[in-house]
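The chain contents come next:
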Amino acid sequence: MIIPSFAALIPKLYQDPSTGQDIDFTSIDQIGIVIANVIQILLVLTGILAVIFIIYAGILYIVSQGEAAKTASAKTALLNAVIGLILSSAAYLIVGFVARNIQ
């Protein structure tokens, strides 16, 4: 049952984001929409990976038990993961905006 709920997070491939209609590929103009959809799927996967790294950094922080070097390493990992999540979210929004205005 995890697969259907996960599939809802991923944008549908081969669908025009502005109309929601399936693309029939009658001309080369639709290739930009397909590329935008593939990029959005990759960015969703990048966001999921960033969340996994945030969880991992939290575990590192808990396991560090107050040791200065391990705590600093965990904080750096957490900061980098949050920056990655922000960047992937911003890129997802930008690609979505460009995909809607491609035509």
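In what follows, the accompanying structure is described. Each residue is numbered by its place in its chain's sequence as written, counting from 1. Per-residue local features of the predicted model are confined to residues with pLDDT of at least 70, and side-chain atom pairs are confined, for both listing and counting, to 80 or more; whole-chain, interface and lining totals are unaffected and use all residues. Side-chain descriptors were evaluated using all non-hydrogen atoms of the structure, hydrogens and water having been removed beforehand.

Remarks on the side chain of Ser-64
Here is step 1 of the chain: Numbering of helices and strands runs from the N terminus; a helix is a DSSP stretch of H or I covering at least four residues, while a strand is a stretch of E covering at least two. For Ser-64, the position within the fold is in the loop between helix H2 (31-63) and helix H3 (68-100).
Here is step 2 of the chain: A residue is classified by how much of its surface remains accessible, and Ser-64, at 2% relative accessible area, is buried.
Here is step 3 of the chain: Here, residues are in contact when the closest pair of their heavy atoms is within 4.5 Å. Excluding residues within four positions of it along the chain, Ser-64 makes contact with Lys-70 and Thr-71. Accessible area is worked out with a 1.4 Å probe on protein chains only. A residue is then buried under 20% of its type maximum, exposed over 50%, and partly exposed in between.

With respect to the pattern of salt bridges
Here is step 1 of the chain: Put simply, a salt bridge is a Lys or Arg side-chain nitrogen that is within 4 Å of an Asp or Glu carboxyl oxygen. As enumerated under the stated definition, the model contains one salt bridge in all.
Here is step 2 of the chain: For Lys-70, the salt bridge is made with Glu-67, and the minimal N-O distance between the two is 4.0 Å.
Here is step 3 of the chain: In this structure Lys-70 comes out as partly exposed when scored by relative accessible area, which is 46%.
Here is step 4 of the chain: Note on Glu-67: relative accessible area 42%, which makes it partly exposed.

With respect to the environment of Tyr-61
Here is step 1 of the chain: By secondary structure assignment, the location of Tyr-61 is in helix H2.
Here is step 2 of the chain: Accessibility expressed as a relative area gives 44% for Tyr-61, which makes it partly exposed.
Here is step 3 of the chain: Sequence separation between Tyr-61 and Ala-74 is 13 residues, and the spatial gap between their C-alpha atoms is 5.1 Å.
Here is step 4 of the chain: Beyond its immediate chain neighbours, meaning those up to four positions away, Tyr-61 contacts Thr-71, Ala-74 and Lys-75.

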